[in-house]
Amino acid sequence: MAATVETVERVRALDKYKYGFVTDIESETAPKGLSEDTVRFISAKKGEPEWLLEWRLKAYRHWLKMPEPGWSKVQFPPIDYQDSYYYSAPKSPTDGPKSLDEVDPKLLETYAKLGIPLNEQKLLAGVAVDAVFDSVSVATTFKKNLEEVGVIFCPISEAVKNHPELVRRYLGSVVPYADNKHACLNSAVFTDGSFVYIPKGVRCPMELSTYFRINAQNTGQFERTLIIAEEGSYVSYLEGCTAPQRDENQLHAAVVELVALDDAEIKYSTVQNWYPGDEEGKGGIYNFVTKRGACRGRNSKISWTQVETGSAITWKYPSCILQGDNSVGEFYSIAITNNRQQADTGTKMIHLGKNTRSRIIAKGIAAGRSDSTYRGLVRIGAKAAGARNFTQCDSLLIGDKCGAHTVPYIETKNRRAIVEHEATTSRISEDQLFYCRQRGMSQEDAVALVVNGFCREVMQQLPMEFAVEAQKLVGISLEGSVG
Amino acid sequence: MLEIKNLHATVDGKAILKGIDLTVNAGEIHAIMGPNGSGKSTLSYVLTGREGYTVTEGEVLFKGKNLLDMDPEERAGEGVFLAFQYPVEIPGVPNTTFLKEALNSVRRYRGEGELDAMQFVKLVREKTKMLHMSDDMLKRAVNVGFSGGEKKRNEALQMAVLEPSLAVLDETDSGLDIDALKTVADSVNLLRRPENALVLITHYQRLLDYIVPDHVHVLAGGRIQASGGKELAHELEARGYAEFSAGAAA
Ligand SMILES: Nc1ncnc2c1ncn2[C@@H]1O[C@H](COP(=O)(O)OP(=O)(O)O)[C@@H](O)[C@H]1O
Ligand SMILES: [Mg+2]
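Residues numbered from 1 in each chain as written. Chains lettered and ligands numbered in written order. Predicted model: local features only at pLDDT ≥ 70, side-chain atom pairs only at ≥ 80, totals over all residues. Heavy atoms only, no water.

Caption draft 1: Representation of the layout of surface pockets. Estimated volume of the second largest pocket: approximately 1100 Å³. Lining the second largest pocket are 29 residues, and of these Asn452, Gln471 and Lys472 of chain A together with Thr97 and Glu101 of chain B lie nearest its centre. (1 Å grid on protein atoms, 1.4 Å probe; cavity = no way out; pocket = protein on both sides within 12 Å on 5 of 7 lines; lining within 4 Å. Points joined across faces, edges and corners; volume = space filled by probe spheres on them.)

Here you go:
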């Protein structure tokens, strides 16, 4: 994920003549496969303190014993963990294409459809650009604005060095290393990710998203993100990218931890568009993500919004632990699957504090031969008097070879709690499509319009500028799904 | 403008249209009347290219082009508009979004260049004002929760925005009380242009008191059984369709 500081660093690194960094950043790759040595190598590369290495090793040893999570509906051949590289230094831009002429025209077509400006297209396609330099000044300005209010926004490896007490206190405090096999692997081998700290009473002056694209090409296989919102603070964080992203690594296992203290609010939005593979699903990314937020403080709030359109397999359940009294958790989700994609996604709302509230709005759209599952847990603890949940799950099917499933789990230990669940499944209506076409829209535009309408409640949660692209993405993801 | 020659069509393998001939010239208003189930809506769907309505014989020319070769959206681009008997609800899609998509699609087809948000808003405002409609209806999701009258007025608004050369109005009067009927009829009259044509599909003649046709046709048993001036509508009102249905059965 983007970090402003990292951006600046990378921008510097790009200018090899000026700084002569190329040989440095073109450094070695960890030996293939996973072992204690791999973990030590990564930790050493990052110049980490002893406690972090120990934590990684504990995670690694535990991982060896852990079974794969068994509850989801997704199916895939066993992963050969020894057939991967777990550390490689950032690639030099000189490896990339020299100009957009060398980039896959299909990819460029998609960028154009998304309305991505030319300079950003170059960045996304990995073209070595001088345009990046325009962004140096912008990035510097952003950094300055953030520093002025005391917001820390940097790569997590940098936070380990500069803010070790914060990292040590919160890392693994929401998602323990032993949480599940994928999170455990991430704990052992994570290479980077973002760190955000919002001090008491500060409203972060900008979406921490503006520069996500710059680094999108190098998000890495095992990202680790940690966001801490102190008392009375607010931050909106956006990760991901509407443009299709490719990666030679098939397995992606990120971990995101959020901590909101008293009266703090974190809004976390994701647009995920990893390569879904070809029409048969070959070569697509496995996106196995663990995202969880802890509403530790009273009146705190964590809101997840996700638009999931990519990956061969999506396995993710952004969750909220509502510890603080009156705290609020929200989950707004759009999951679109086409061709052979599989998605098993949803959320967990764990109500522990009094009068905690949660709201789940999940929209699943399945086309082609894809399969989409909403899996959601609402748990009301014994002490969560007055807790309330509202869940609405809607599935829309396009064609008759896809599947949509809703699997709600509700566990209530407090009788003074109210849990409401509504679910619908419908097929895209021929009447609607014909109506649109009679008014001049193409079949594909009609599908995009109807599906966007179906998703509106969730789209509205996205930051404005991003919502526009996300809406276009819906259409692109469903191309060729009808007729 | 529109020439329908010996048109035969089936739905689900069942012959519904059995040889329709009809010519509509620019500036004319034609009314097609007939009993329920006689194939009036089928004719409108065949003209607009709805899936499942199969033409087995005959041809349809629109401004000299073969309409039957075109996709529904191409026909819309050429200027064929259908005001639906049952306008369709599209949850979550604001009416303005829908209108803008539609207008820009048609403009693209015609090589006219898209309108940007500002230009579009200005245009829609003019149209709602002309039709005495409140802008409130623009923000609501397409037809969702609209009353019968609102739905039909919304069709008129779409027609006003898209400015088709041929508009087919399928039972625009059905389900409306007399005030709503008048309002919709007023809207349609406001949209009349000498270079455009209207086909009114209706079961009752009362709509024709407000939108006065030049020609009236009786459709029964999949064929046009009689054609005449507007007085034919009054005759039908007095005598019913029985004799035509009998003729069709024979
Ligand atoms: N989608 C359909 N599937 C099967 N039969 C249909 C369908 N649409 C129309 N029909 C049949 O075609 C005939 C004509 O219907 P329609 O064109 O709707 O008549 P009208 O509009 O004059 O009342 C009726 O017998 C009706 O049952
Ligand atoms: Mg009808």
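Caption draft 2: Quick look at the pattern of salt bridges. If you walk through the whole model with that rule in mind, you get 34 salt bridges over all chains. The partner of Arg40 of chain A in a salt bridge is Glu36 of chain A, and the shortest N-O contact between them spans 3.5 Å. A residue pair is termed a helical-turn pair when its members lie 3 or 4 positions apart in one helix, as Arg40 of chain A and Glu36 of chain A do in helix H4 (residues 36–45) at four residues. For Arg40 of chain A, a relative accessible area of 37% gives the class partly exposed. Close ionic contact of Glu126 of chain B with Lys122 of chain B constitutes a salt bridge, the shortest N to O distance being 3.9 Å. Pair noted here: Glu126 of chain B and Lys122 of chain B are both in helix H4 (residues 117–130), with a separation of four residues, about one helical turn. Look at Glu126 of chain B and you get partly exposed, because its relative accessible area is 44%. Lys122 of chain B gets classed as exposed once you look at its relative accessible area, which sits at 55%. Several salt bridges converge on common partners, so that one network encompasses Arg359, Lys363, Asp394 and Glu457 of chain A. (Salt bridge = Lys/Arg side-chain N within 4 Å of Asp/Glu carboxyl O. Helix = DSSP H or I, 4+ residues; strand = E, 2+ residues; numbered from the N terminus. Buried < 20%, exposed > 50% of the residue type's maximum accessible area, 1.4 Å probe, protein only.)

Caption draft 3: Up close: the site of ligand 1. All names here are of chain B. What surrounds ligand 1 is a group of 13 residues, the closest being Gly37, Gly39, Lys40, Ser41 and Thr42. One nitrogen or oxygen atom from the side chain of Lys14 is found 3.4 Å from an oxygen atom belonging to ligand 1. When ligand 1 sits alone it has 550 Å² of accessible area, and the protein chains cover 64% of it. Secondary structure elements with two or more residues in the shell around ligand 1: strand S2 (14–24) and helix H1 (40–48). When residues of the shell around ligand 1 are assigned to their parent elements, the largest contribution, three residues, is made by H1. (Near = heavy atom within 4 Å. Polar contact = N/O pair within 3.5 Å; in protein donor to acceptor, adjacent residues only side chain to side chain. Areas by Shrake-Rupley, 256 points an atom, 1.4 Å probe, with all protein chains shown as cover.)

Caption draft 4: Representation of the side chain of Glu230 of chain A within the structure. Residue and element names in this part refer to chain A. Along the chain, the position of Glu230 falls in the loop between strand S3 (224–229) and strand S4 (234–240). Of the side chains with opposite charge, Arg169 comes closest to the buried, unpaired Glu230, at an N-O distance of 5.7 Å. Leaving out residues up to four positions away in the same chain, Glu230 has contacts with Tyr197, Ile198, Pro199, Lys200, Leu261 and Ala264. (Lys, Arg positive; Asp, Glu negative; His and termini not counted. Contact = heavy atoms within 4.5 Å.)

Caption draft 5: Local environment of the nonpolar core. Membership of the largest hydrophobic core comes to 119 residues, with the highest contact counts inside it found for Ile365, Val451 and Leu478 of chain A together with Ile4 and Phe98 of chain B. If sequence neighbours within four positions are ignored, Ile4 of chain B has contacts with Ile20, Asp21, Leu22, Leu43, Leu47, Glu59 and Val60 of chain B. Of all hydrophobic cores here, the second largest spans 47 residues; its members include Tyr86, Ile152, Leu251 and Ala253 of chain A. (Core = buried A, V, L, I, M, F, W, Y, C linked by side-chain atoms within 4.5 Å.)

Caption draft 6: Structural context of empty space enclosed by the protein. Residue and element names in this part refer to chain A. Summed over the entire model, instances satisfying the criterion amount to six cavities of 30 Å³ or more. Estimated volume of the second largest cavity: approximately 110 Å³. Lining the second largest cavity are 14 residues, and of these Ala362, Lys363, Gly364, Thr373 and Tyr374 sit closest to its centre. Within the residue set of the lining of the second largest cavity, elements represented by two or more residues are strand S12 (328–337), strand S14 (357–366), strand S15 (371–380), strand S16 (388–397) and strand S17 (403–412). Of the residues contributing to the lining of the second largest cavity, the split by class is four nonpolar, eight polar and two charged. (Nonpolar A, V, L, I, M, F, W, Y, C, P; charged D, E, K, R; others polar.)

Caption draft 7: Examining the interface of chain A and chain B more closely. Across the contact, 19 residues belong to chain A and 34 residues belong to chain B. At the boundary of chain A with chain B, total buried surface from both sides reaches about 2100 Å², with 60% on carbon and sulfur atoms. Of all residues in chain A, the largest losses of buried area upon contact with chain B belong to Phe434, Tyr435 and Arg439 of chain A, amounting jointly to 36% of the total for that side. Scanning the region where chain A abuts chain B turns up four salt bridges. Arg108 of chain B is paired through a salt bridge with Asp445 of chain A; the nearest N and O atoms lie 3.6 Å apart. Here chain A is connected to chain B by eleven residue pairs in polar contact (both at pLDDT 80 or more). Listed by contribution, the elements that provide at least two residues to the side of chain A that touches chain B are helix H13 (430–438) and helix H14 (443–454) of chain A. Here the side of chain A that touches chain B takes eight residues from H13 of chain A, the largest share from any one element. Looking at the side of chain A that touches chain B residue by residue, the classes come out as seven nonpolar, six polar and six charged. (Buried area = accessible area lost by both parts, 1.4 Å probe.)

Keep in mind that these numbers describe shape and distance, not what the molecule does.
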